[in-house]
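# Residue-level structure breakdown
Spelled out from the first residue to the last, the chains are:
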Amino acid sequence: MADPTQEPDTRKLRNICILAHVDHGKTTLCDHLISGSDSGIIHPKLAGRLRYMDSLLEEQRRAITMKSSSIALRHRGHSVTVIDSPGHMDFCSEVSTAARLSDGALILVDAVEGVHIQTHAVLRQAWIEKLTPCLVINKIDRLISELEMSPREAYIRLLRIVHEVNNIVSAFKSVKYLNDVDAILSGPAGADDVAFEEIEDDEELMFQPQKGNVAFVCALDGWGFTISQFAEIYREKFGWSVNALQKALWGPWYFNHKEKKIVGQKGVAGLKKARPMFVEFVLEPVWSVYQAALKEREAAEVVVNKVIKTFKLTIPPRDLKGDPKGMVQAVMSHWLPLHEAILSMVIRCLPDPIAAQSYRISRLLPKREGVGDMVDSSVLAEVEKVRRSVEACDSRPEAPCVAFVSKMFAVSTKMLPKYGLDGEVLDNTSDEGELDECFLAFARIYSGVLRPGEKIYVLSALYDPSKGESMQKHIQVATLQSLYLMMGQNLQHVPEAQAGDIVAIRGLGQQILKTATLSSTKNCWPFSSMSFQVSPTLKVAIEPSDPADMGALMKGLRLLNRADPFVEVTVSARGEHVLSAAGEVHLERCIKDLKDRFARVGLEVSKPLVSFKETILGDDSTLENLKSFLASSEYVEKATQNGRCVVRVKVLKLPPSLTKVIDESSHILADIIGVKVETSKSLDTQVASTEEGEDPIETLRKRMMEAVESDILSSGETDKDRAEKCKVQWQKLLKRIWALGPWHIGPNILLTPEIKGKGTDSSVLIRGSSHVSERLGFVDASENENAAAETSSEATEALYAEAERLQSSVLSGFQLATAAGPLCDEPMWGLAFLVEAYISPLPAQSDDSETSHQQPEQYGIFTGQVMTAVKDACRAAVLQKQPRLVEALYFCELITPTEQLGNMYAVLGRRRTKVLKEEMQEGSPLFTVHAYVPVAESFGFADELRRWTAGAASALLVLSHWEALDKDPFFVPKTDEEKEEFGDGSSVPPNTARKLINAVRRQKGLPVEEKVVQHATKQRTLARKV
C-alpha cells in the first residue's frame, strides 16, 4: 500500500534550470536565490559578487559559467532544485544536460541587449524537451542609469521583448501544428474528422505578465517583481480584486483618477498625460527610487523615506547610512526582494514532477514496438508497466526504479563528504589510481526509490528489451556506492532518493561513458537521446612533450572523454590523437583539464584542423542538364590491371536543398537503411525532424521531394510543363539510388546503371539494386526482383554470379572515393555518381586452366582491383567537372558601440567575412551586425576583435552551413584580360582555394605542388664588403 506522505512531498518539488544568452545574469540570479532561501549559504551582501555556482577557477577567472551545476533550495515548504547552465555557445551541451533533468525553465533576457542568438537556441531546447518556461527580463536598472529612458519608453521596450520571445515560441508551435495536419491529411480518409479535433491549436501566447509567468528584475541589486505582487500591494489601497488588477497592470489599460475606475484607450482619449497603469503604478515608483540616487543625499533621503512610508517597509537604519547607490539598493531589495518574486513564480507557474512527467513521457520514453514475432508477452507487459510508472512519477518503494544519467562529471576526492550519515569515516579512495579524481553521475530519478548498495542495470542507448540475450553488450550491472545531494560546489550524503529527485551517484564511473538509463529491471526501454544544438567542429592533434608519457596521455584522454559530455576523442588515419571541441573557449578548458587534472603531463598541441568537403561546379537543375547527364557519352573510363573489368563513371551535382536534407537526416537514414553506426556526437547533435507518431520514412521521402521542387523553382524554371518534366526526371533518378556515401549515410548518391546498358562482346554489366530507394519507399521490392530475373536470362550463369558478387566491390570503391576526394582527401559533398562496370569472362578459360590461377596472383585479388578502379574513376570524374572546395561557415552575431564600428569592420575584412545586415538597437548606442565567418578564418577572431575594439565589441559564433568556394583551385590566366589582371603564369599567386587545399595536404602529408625557388632570375648574393 502506498505511503500517504509520499505524494504531497512530490507535489511540493520543483526542478528548474536557468537558460539564457551569455552574460545575461544567470549566475548572479542564482546567488540571490541562494541567499534569500532558507539555506543560509550566502550572505545577502555577497550575493551577485560571489558567483557561488561557478566553482571552477577557470570560471571565476573568465567570469563565465562553463558547466551546469545544481543546488537544492527551500521556500515556503517547497523544495526547488535549481540548475545553473552556461550561456556560451561552446558549452551548449551543458544546457542539454540541464534541460533533460528539469521540468521547467527560467528564460533570462537582458532588457538592454534584448533577444540574441543563444536566446533562440535555449528556447528551442526548452521546446524540444517539453519544459514549461517562465520569462525573466533582467537588468531593468540599465534602462534607467545607462539609457536614461522614461518609464513610458521602458514600458514600450519591455513590451517589445515580450512580443519577440512570444513570436519565437509561436513559430515552434506553428511548425508542430502544420506537421500534425500534414500527418492526418496523408492518413486514412475516414479518420480525418476525429483526428482534427485532437490537434492542439494553441493560439494563446506563452508569456503573459498578467498571468504571472513574466518577472522584471535587476539581479545585481537583488530586486524583482511580477504583476501579481503589485496587484496584491494595490488591492489594499483601492479595495479591488486581485484578478482585475492583474489584467489591468499590463497592456493598454488606464486609470481614470476622476471616476476612480479602470478604462481602455477610449476612456482617456481626451487626456494628455494618461499613462498605462503599468507605467503609472509599477514603473514610476521604481524610477523615482533610482533617480533619487542621482540627487544630493538630503533630497535622496526624502524620496526614500516617502517610499518606505508608502509601502510600509522595515529597513535597518545601518543599511540607509551608505552612499545613495547603496541606499537605493537596500530599499529596493527590501521592498521587492528578488528571491521572493522568482521562487513564488516558480512554485505557482511551473509544474511538479507528477504533472510534468505525464506530458513529457512522449519525449523521454516514446512508445516503441518490439521487433519480431517471438517477443515474450510478459516482457512487453513489464515494459509497459515501467513506462506507466515513469508517466505517473510513481514514488512507492515497490515501484520499478528508473533514472536517467545526463552526464558524468569529475570531482576531487577532497570535495567528497568525509563522514557518513551515522558519523562513520568514509573511504573516499579514487577509482582512478594515483589521480585524486572521482566520477559522479548527474542523474534524476523518474520512478521508484534509489538507495546506496543496490544493484541496478545500466542500459545504453542501443538496448532493446525485446531482443533478450543478443543485447548483453548494451546492458551492465552496477552497485551504487553513495548518493549525494548537490549543493553547488558541495555534496551532502542522502540515505535514498525518490521519484522527482536530482542527485549525484557514485559507483558508475566504470560503467557509463557519458549518458545512460538506470533501471531496476532489464525490461525497460532506454530514454531517448538528448539533442545538442551544435556539433564539435574545432579539432586539434595532441601529443605529449615527452614520448615516454604517451600512456599517461591516453589515460587522460579517456578520463576527459568521460568527464566532458561534448568532447570527442578519436585517432586519425595517421595515428594522431585528435581532440574535437565546440569552440576555442571549450578547447582551452579541455587542454587545461588534460594538463592539470587528468594526464598531468606536458602537451604539444597542433594548429586547429579544419574540415572541408569537395564538390563540383554545379549547374542549375534544369531539364537540359538532366537530359545531357543521362544521355551524354562523356564519362571517365578506368580498367582493372588484368583488363577484365572496365569502369565508366559520370557525375552530377545534386540540388543544394536535397543535399542538405540528406545530410541533416543521417541519423534517420542509418535506422531506415539498417547501417550500424556508432553513436557519436555528430549524430546526437541533430534535432529530430519528425514529431512523435509520424512515419520517419514517409516524412523523409516527402522532404526530399519538396527539396527537389524548391530547387527547380529557384533555378529560374518558369515554364510549368518544363518544371514538371524536370521533377519527373528527378523522381526517376531517386528510384535508382543504390547507396549513399560516405559511411553509407552521407550526402552523395550512387545510382544504378540503366538496364539497357550492354557491354561489348560478351561482357556483363554489374547491376546494382535500388536498395536505398526501396527502403525509402521510392520503388517497390518487386521491381528489383523482376529486373534481376531478366538479367539472369541474358548472360551465362557463372559470369552473372561473379558480377553479382562484385557488387560489394563497386559499393566499397564508391564509399572510398566519397570519403576522400581528389583535391585534399576530404569527403565529397552533394554528388550523384553513375557507375557502369562491365566484366568480361576469363581469357582462355577453357584452354589453359593454369593461366586463370596465375592472374589473381600476378595482379592481386580481383575484387580489390574492381574496388580500386571504381575509386579512381570516381575521383577522376570529379577532377574533370571543375572541382570546388566546400568550407564550413559560422553565423556570427556582433554587438559593438558606434565609435568602434570601423575597427570591427577592419577585423571582419581581414577574415573573408560576408556581412548580412547591420542594424542599430533602438534606444541604445549599440549596433548589431550579422555576418558569415569561414571556420578556417575564425581562430583567434574573438581575441583580435577585443584587441582592436578595446574590449567594447563582442562576438558569438554558431556553426551555420557549408558553402562552396567559387574560386577555381587550378586557375591559370589564359586570355589577355586575365593576364593583365592576374599576371602571367609564373607570377600568379595561389588563390584562396589553392592555399586552403595546400594547407590541408601538408597537414595530411600529401604531396604539394610548389616551387622552392619562385623567381630564380631575381636571386642575388649579398655583397662582400671589404
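Sequence order sets the numbering: in each chain, residues are counted from 1 along the sequence as written. This being a predicted model, a pLDDT of at least 70 is required before a residue's local features are given, and a value of 80 or more before pairs of side-chain atoms are given or counted; all residues contribute to the totals for chains, interfaces and linings. Side-chain metrics in this entry use all non-hydrogen atoms of the structure; hydrogen atoms and water are not considered.

Helices and strands together make up the secondary structure of the chain, namely 34 helices and 34 strands. Long-range contacts, defined here as pairs at least 24 residues apart, represent 75% of the contacts in the chain between residues at least 6 apart. With an accessible surface of roughly 48,100 Å², the chain has 51% of that area assigned to carbon and sulfur atoms. Under the scheme used here, helices are H or I runs from DSSP no shorter than 4 residues and strands are E runs no shorter than 2 residues, and both carry numbers assigned from the N terminus. Every residue pair with non-hydrogen atoms within 4.5 Å of one another is taken to be in contact. All accessible-area figures derive from a Shrake-Rupley calculation using a 1.4 Å probe, and residue coverage is judged against the displayed protein chains alone.

We now examine the sheet that holds strand β21 (residues 568–571). Pairs of strands are assigned from DSSP output, requiring at least two bridges between the strands. Across the sheet, four strands lie side by side as β21-β22-β20-β23; this open sheet has antiparallel pairing. Each having just a single partner strand, β21 and β23 (603–605) make up the two edges of the open sheet. On average, each strand axis in the sheet is tilted by 30° relative to the strand beside it, whichever way the strands run. As paired strands, strand β20 (residues 538–544) and strand β22 (residues 577–581) are joined by five bridges and run antiparallel to one another. Directly across from K539, in β22, lies its bridge partner S580. In this description, a line fitted to the C-alpha atoms serves as the axis of each element, helices being fitted only across the stretch in contact, and the angle between N-to-C directions of two axes falls anywhere from 0 to 180 degrees. With respect to the sheet, helix α17 (residues 550–563) is in contact with β20, β21, β22 and β23, its orientation differing from that of β22 by roughly 25°.

Moving on, we come to helix α16 (residues 377–392). By definition here, a helix of n residues has an expected span of 1.5 Å times n minus one. For α16, which comprises 16 residues, the first-to-last C-alpha distance of 23 Å matches the rise-based estimate of 22 Å (1.5 Å per residue) to within 8%. With a 1.4 Å probe rolled over the protein chains alone, any residue whose accessible area is under 20% of its type maximum counts as buried; one over 50% counts as exposed, and the rest are partly exposed. Among all positions of α16, only V379, V383, V386, R387, S389 and V390 are buried. Around the axis of α16, the buried residues are gathered within 160° of arc, so they sit on the same side. Of the surrounding secondary structure, the elements contacted by the buried residues of α16 are α15 (353–364), β10 (402–412) and β11 (437–447). At the exit of α16 stands C393, carrying a positive phi of roughly 55°. Each direction from the helix axis to a C-beta atom contributes to the arc, which is the arc of those directions.

A separate point is the packing of α17 against helix α18 (residues 584–598). Contact pair α17 / α18: the axes reach a minimum separation of 10 Å and the direction vectors enclose 120°. Looking at the two axes, α17 sits oblique to α18. The two elements α17 and α18 meet at a crossing, and its hand is right-handed. Contacts between α17 and α18 pair L553, G556, L557, L559, L560 and A563 from the former with C590, D593, L594 and F598 from the latter. Amino acids are sorted into nonpolar (Ala, Val, Leu, Ile, Met, Phe, Trp, Tyr, Cys and Pro), charged (Asp, Glu, Lys and Arg) and polar (every other residue, Gly among them). Of the residues contributing to the contact of α17 with α18, the split by class is eight nonpolar, one polar and one charged. Here the word oblique covers every angle except those under 35 degrees (roughly parallel), over 145 (roughly antiparallel) and from 65 to 115 (roughly perpendicular). Whether a crossing is left-handed or right-handed is set by the direction in which the near helix is turned from the far one by less than a right angle, anticlockwise for left-handed and clockwise for right-handed.

What follows is about the confidence of the model for the chain. As a per-residue quantity, pLDDT reports the predictor's confidence and falls between 0 and 100. The share of residues in the chain with pLDDT of 70 or more is 83%, and the mean pLDDT across the chain is 79. Element-level pLDDT for the chain is lowest in helix α22 (residues 681–684), with a mean of 34, against a maximum mean of 93 in strand β5 (residues 132–138). Low pLDDT (under 50) marks residues 1–8, which in the prediction has five contacts with non-local residues, meaning those over four places away or in another chain. Ignoring residues within four places in sequence, the model shows residues 786–795, a span with pLDDT below 50, making seven contacts including any to other chains.

A word on a negative patch on the surface. Think of a patch as exposed residues, more than 30% relative accessible area, with no salt bridge, where like charges cluster within 9 Å and nonpolar side chains (Val, Leu, Ile, Met, Phe, Trp, Tyr) cluster within 5 Å. Should a side-chain nitrogen of Lys or Arg be within 4 Å of a carboxyl oxygen of Asp or Glu, the pair is scored as a salt bridge. Residues counted as positive are Lys and Arg, residues counted as negative are Asp and Glu, and His and the chain ends are not counted. Charged groups are reduced to one reference atom each: NZ for lysine, CZ for arginine, CG for aspartic acid, CD for glutamic acid. Residues D976, E977, E980 and E981 make up a contiguous surface patch of negative charge. Using a relative accessible area of 61% as the deciding quantity, one classes D976 as exposed.

A few words now on the packing of aromatic side chains. Aromatic ring pairs: the centre-centre distance and the angle between the two ring planes describe each pair. When the centres of two rings from Phe, Tyr and Trp lie within 6.5 Å, Trp using its six-membered ring, the rings pair. Their planes under 30 degrees apart give stacked, over 60 give edge-to-face, and anything left gives tilted. Taken as a whole and assessed by the stated rule, the structure comprises 21 aromatic pairs. Seen in terms of ring centroids, F891 and Y932 are 6.2 Å apart; in terms of plane orientation they differ by 70°. Their pairing is edge-to-face. One end of the pair, F891, is in strand β31 (residues 883–897); the other, Y932, is in strand β33 (residues 926–934), with 41 residues separating them in the sequence. Side by side, F891 and Y932 carry an identical accessibility label, which is buried. Three or more aromatic residues link up through ring pairs in this structure, and these residues are Y155, F216, W223, F225, F230, Y234, W250, F255, F278, F281, Y290 and W335. The ring centre of F439 lies 5.0 Å from the NZ or CZ of R562, which sits over that ring. Any Lys NZ or Arg CZ that is within 6 Å of a ring centre and within 35 degrees of that ring's normal is treated as a charge sitting over the ring.

Within this scheme a cavity is a closed region of a 1 Å grid, computed over the protein atoms alone, that accommodates a 1.4 Å probe without allowing it to escape, whereas a pocket is open but has protein on both sides within 12 Å along at least five of seven lines; lining residues each have an atom within 4 Å of a point. Grid points are joined across faces, edges and corners, and a volume is the space filled by probe spheres set on the points. With the rule as written, the count across this model stands at five cavities of 30 Å³ or more. If you trace the largest cavity, you find it lined by M89, D90, V534, S535, T537, A582, Y890, L957, V958 and L959. A per-element tally of the lining of the largest cavity places strand β34 (residues 954–964) first, with three residues. Taken together, the residues of the lining of the largest cavity break down into seven nonpolar, two polar and one charged.

In this section: the environment of P465. When you line up the elements, P465 lands in the loop between β13 (455–459) and β14 (475–479). Note on P465: relative accessible area 7%, which makes it buried. Residues P465 and W525 lie 60 residues apart in sequence; the distance between their C-alpha atoms is 6.4 Å. Not counting residues within four places of it along the chain, the set of residues in contact with P465 comprises V379, V383, K522, N523, C524 and W525.

Here we take up the pairing of strand β24 (residues 612–616). Here β24 lies mainly inside the structure; five of its five residues are buried. Residue alternation in β24 divides its side chains into two sets, F612, E614 and I616 and K613 and T615, and both sets are buried. Pairing of β24 with β31 involves five bridges; the strand directions are antiparallel. What sits directly across from E614, in β31, is L885.

Another aspect to go through is helix α9 (residues 227–238). Helix length check: α9, at 12 residues, gives a terminal C-alpha distance of 16 Å against a target of 16 Å (1.5 Å per residue), a fit within 8%. Among the residues of α9, those classed as buried are I227, S228, Q229, F230, A231 and Y234. Backbone geometry just downstream of α9 places G239 in the positive-phi region, at approximately 75°.

Under the counting rule described, the total for this entry stands at 32 salt bridges. Taking the shortest distance from any N to any O, the salt bridge between D110 and R142 comes out at 3.1 Å. Separated by 32 residues along the polypeptide, D110 in strand β4 (residues 104–110) and R142 in helix α6 (residues 141–145) bring together distant segments of the chain. Assigned by exposure class, D110 and R142 land together as buried. Between E496 and R451 there is a salt bridge, and its shortest N-O distance comes to 3.2 Å. One end of the pair, E496, is in the loop between β16 (490–493) and β17 (497–498); the other, R451, is in the loop between β12 (449–450) and β13, and 45 residues separate them in sequence. Taken together, the shared-partner salt bridges connect R100, D103, E129, R360, R363 and R444 into one network.

So, on to the side chain of R994. Summarising the element assignment, R994 is placed in helix α34 (residues 992–1004). Accessibility expressed as a relative area gives 15% for R994, which makes it buried. Setting aside chain neighbours within four positions, we find R994 in contact with P969, F970 and E1009.

The relative placement of two packed helices comes down to the angle between their axes together with the axis-to-axis distance. Following both chains from N to C, one finds helix α2 (residues 26–36) and helix α14 (residues 338–349) inclined at 95°, their axes separated by 8 Å at the closest point. Overall, the two elements α2 and α14 adopt an arrangement that is roughly perpendicular. Between α2 and α14, the residues in contact are L29, H32, L33 and G36 and L338, H339, I342 and L343, respectively. Broken down by class, the residue content of the contact of α2 with α14 amounts to five nonpolar, three polar and no charged.

This part covers the environment of L159. Among the structural elements, L159 can be located in helix α7 (residues 151–185). For L159, a relative accessible area of 23% corresponds to the partly exposed category. The spatial distance from the C-alpha of L159 to the C-alpha of G251 is 8.5 Å, given a sequence separation of 92 residues.

So, about the nonpolar core. Of all hydrophobic cores here, the largest spans 114 residues; its most connected members are I137, F278 and W335. Take this core: its biggest share by element is 10 residues, from helix α11 (residues 277–292). Residue contacts for F278: discarding those within four places in its chain leaves Y155, L158, F216, F225, I227, L249, W250 and L283. Core analysis: the next-biggest nonpolar cluster, separate from the first, contains 42 residues, F439, A516, A563 and A581 among them. Residue types Ala, Val, Leu, Ile, Met, Phe, Trp, Tyr and Cys, when buried and joined through side-chain atoms within 4.5 Å, form a set referred to as a nonpolar core.

We now examine the state of the cysteines. In what follows, a disulfide is any cysteine sulfur pair within 2.5 Å. For the structure on display, the rule yields zero disulfides. Between C349, a cysteine without a disulfide, and C134, which holds the nearest cysteine sulfur, the sulfur-to-sulfur distance is 4.7 Å. Looking at C349, the relative accessible area reads 24%, which means it is partly exposed.

With that settled, consider unusual backbone geometry. In terms of backbone geometry, most residues other than glycine have negative phi values and most peptide bonds are trans. Cis geometry marks the peptide bond from G741 to P742, where omega comes out at 0°. Its place among the elements puts P742 in the loop between β27 (737–741) and β28 (748–751). The backbone phi angle of K139 is positive, close to 60°, even though this residue is not glycine. Locating K139 in the fold gives a position in the loop between β5 and α6. Of note, the phi angle at R600 is positive, near 55°, even though the residue is not glycine. Take R600: it is sitting in the loop between α18 and β23.

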